[in-house]
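Close look at the chain arrangement
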Amino acid sequence: MAGLLAGKKALVTGSASGIGAAIVAEFVAQGASVFGVDKNASAHQPSAQFDLSNVAGLPELVASAEKEIGEIDILVNCAGMAIGELIPDLTWEAYDKTLRVNLHSPVFLMKYLGVKMVARGYGRIVNITSVHGQYSEEKAMSYDVSKGGLNSATRTAALEFAPNNVLVNAVAPGFTDTPMSSNKGKSELESEWFQTVYVKYSKIPQLRAAQPWEQAKHVAWLASSENTYCTGQVLLVDGGMSARF
Ligand SMILES: NC(=O)c1ccc[n+]([C@@H]2O[C@H](COP(=O)([O-])OP(=O)(O)OC[C@H]3O[C@@H](n4cnc5c(N)ncnc54)[C@H](O)[C@@H]3O)[C@@H](O)[C@H]2O)c1
C-alpha cells in the first residue's frame, strides 16, 4: 500500500481512544501495520489489552507485538492518564501510578524497542507529552512531573540513538477534544471557563481546541522516513497557546 508509512510496522499505545485511536487510523491510512496497546479494548486489531502501569510485563508485550506484526519500526507512546490533585491531597498511589503509565512504561518501551531499532539502523519514536511538559498548572503535580520527565527522556533517547538513524521526538498537544477533556461526562471544552479564558480572551490564538486527527498528522510525519533530520524535539501542537508571553 502506498503512503507516508507504507510497509512500516508500528506499536501505538493508547489505541482505544482519543489521540491514540486517531494515530492508529492515520497510520493505517498511510500504509502502516499497527499493533495497538490499551488497558481498554481497541476497535483496531491486532491489539493487546494491557495495563501500562505493569512495567515488568513490557518484554512480554513487545514479544506478542512482534509475533503479530514482525519487527517494529515505529513506537508511539500515547497512552496517558491524569488525576487532578492539589499537593495536600497528593497520594503516593496516584502519583506512582501516573508516573508508571505516563513515564516509566514509555521509557522502558523506548529501551526494549529502541535497542532493536539501533541494531537494525532504522527507527522512529514519537512520545505524546503535553503543554504540561513545559508549562505547569495547579492541581497537576503528578501529570506535570510525568510529562516534563517524558520530554527529557525524549531528548536523552534521541542523543543515544541518533548515530543509528533512530529519531526520537515528542508531540505536545494543547487542548484536544477527547474523553480526557471530560469530567463526569461533561466536556471542559464547553465549560464557561474554557469558553471565556481560552476562546473569548483568546488564550488559544486559534480560538478552539484541536481535533485528535490534527495531532495524528504531526505524529505520522515525525514517525515517517520523510523525517530524516529532526530528533530530540518537542513539537507543541496547541493552536499558538505557547507562543504568547
Ligand atoms: N486531550 C488533551 O487535551 C490532551 C492534551 C495534552 C496531552 N494529551 C495526552 O495525549 C495522550 C492521549 O490522551 P487523549 O486525550 O487521547 O485521552 P483519552 O482518555 O481519550 O486516551 C487515553 C488512552 O490511554 C489509555 N490508558 C490510560 N491508562 C492506561 C493504562 N494504565 N494502560 C494502558 N492504557 C491506558 C486509555 O484507556 C485511553 O484509551 C495522553 O498521553 C495525554 O496525556 C491530551
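Residue positions are counted from 1 within each chain, in the order its sequence is given. With the structure being a predicted model, the display of local features is reserved for residues of pLDDT at least 70 and the display and counting of side-chain atom pairs for 80 or more, all residues being used for whole-chain, interface and lining totals.

Things to note about the nonpolar core
Across soluble globular proteins, nonpolar side chains show a tendency to be buried alongside one another. Residues enter a nonpolar core if they are buried, belong to Ala, Val, Leu, Ile, Met, Phe, Trp, Tyr or Cys, and are joined to the set through C-beta atoms within 7 Å. Here exposure depends only on C-beta density: within 10 Å of a residue's C-beta, 20 or more other C-beta atoms make it buried, 12 or fewer make it exposed, and intermediate numbers make it partly exposed, the C-beta atoms being placed from the backbone. Among the nonpolar cores identified, the biggest contains 54 residues, and Ile23 and Val76 are the most heavily contacted of them. Excluding anything up to four places from it in sequence, valine 76 contacts Ala10, Val12, Thr13, Ile23, Val126, Val219 and Ala223. Contact definition: two residues whose C-beta atoms, as placed from backbone geometry, lie within 7 Å.

Notes on the sheet that holds strand S4 (residues 74-77)
Each pair of strands is called paired provided DSSP finds at least two bridges between the two strands. Comment: elements are numbered from the N terminus, with helices defined as DSSP H or I runs of at least four residues and strands as E runs of at least two. A sheet is described by the order of its strands in space; here seven strands give the open sequence S3-S2-S1-S4-S5-S6-S9, paired in parallel fashion. Two strands in the sheet have a free side with no partner beyond their single neighbour: strand S3 (47-49) and strand S9 (234-237). With strand direction ignored, the average angle separating the axes of adjacent strands in the sheet is 15 degrees. As paired strands, strand S6 (residues 166-173) and S9 are joined by four bridges and run parallel to one another. Among the inter-strand pairings, alanine 172 is bridged to a residue of S9, identified as leucine 236. Axis angles are defined between N-to-C directions and span 0 to 180 degrees, where every axis is a line fitted to C-alpha atoms and, for a helix, only to the segment in contact. Those strands touched by helix H1 (residues 18-29) are strand S1 (9-13), strand S2 (33-38), S4, strand S5 (123-128) and S6, and its axis lies near 165 degrees from that of S1.

Observations concerning the pairing of S5
In terms of residue burial, S5 counts as a mostly covered element, since six of its six residues are buried. Both faces of S5 are covered, namely the face carrying Gly123, Ile125 and Asn127 and the face carrying Arg124, Val126 and Ile128. Here four bridges tie S4 to S5, and the two strands are oriented parallel to one another. Of the residues in S5, the one forming a bridge with asparagine 77 is asparagine 127. For the crossover from S4 across helix H3 (residues 92-120) to S5, the handedness is right-handed. Note: S5 against S6, six bridges, orientation parallel. Opposite isoleucine 125, over in S6, you have valine 168 as the bridge partner. Classification remark: right-handed applies to a crossover when, strands pointing away from the viewer, the course from the first strand over the helix to the second runs clockwise. Considered for its hand, the β-α-β crossover made up of S5, helix H4 (residues 141-161) and S6 is right-handed.

Focus: the site of the ligand
Near, as applied to residues and a molecule or strand, means the residue's backbone-placed C-beta atom lies within 6 Å of it. Surveying the vicinity of the ligand reveals 26 residues, the closest of which are Ser17, Gly18, Gly80, Thr178 and Met180. Looking at side-chain class alone, the shell around the ligand contains twelve nonpolar, eleven polar and three charged residues. Residue classes follow a fixed rule: Ala, Val, Leu, Ile, Met, Phe, Trp, Tyr, Cys and Pro count as nonpolar, while Asp, Glu, Lys and Arg count as charged, and any other residue, Gly among them, counts as polar.

Section: the pairing of S4
Two faces make up the sheet, and in a regular strand the side chains alternate between them. Side chains Ile74 and Val76 project from S4 onto one buried face, and the interleaved Leu75 and Asn77 project onto a second face that is buried too. Pairing analysis gives three bridges linking S1 to S4, with the strands arranged parallel. Bridge pairing links valine 12 to valine 76 in S4.

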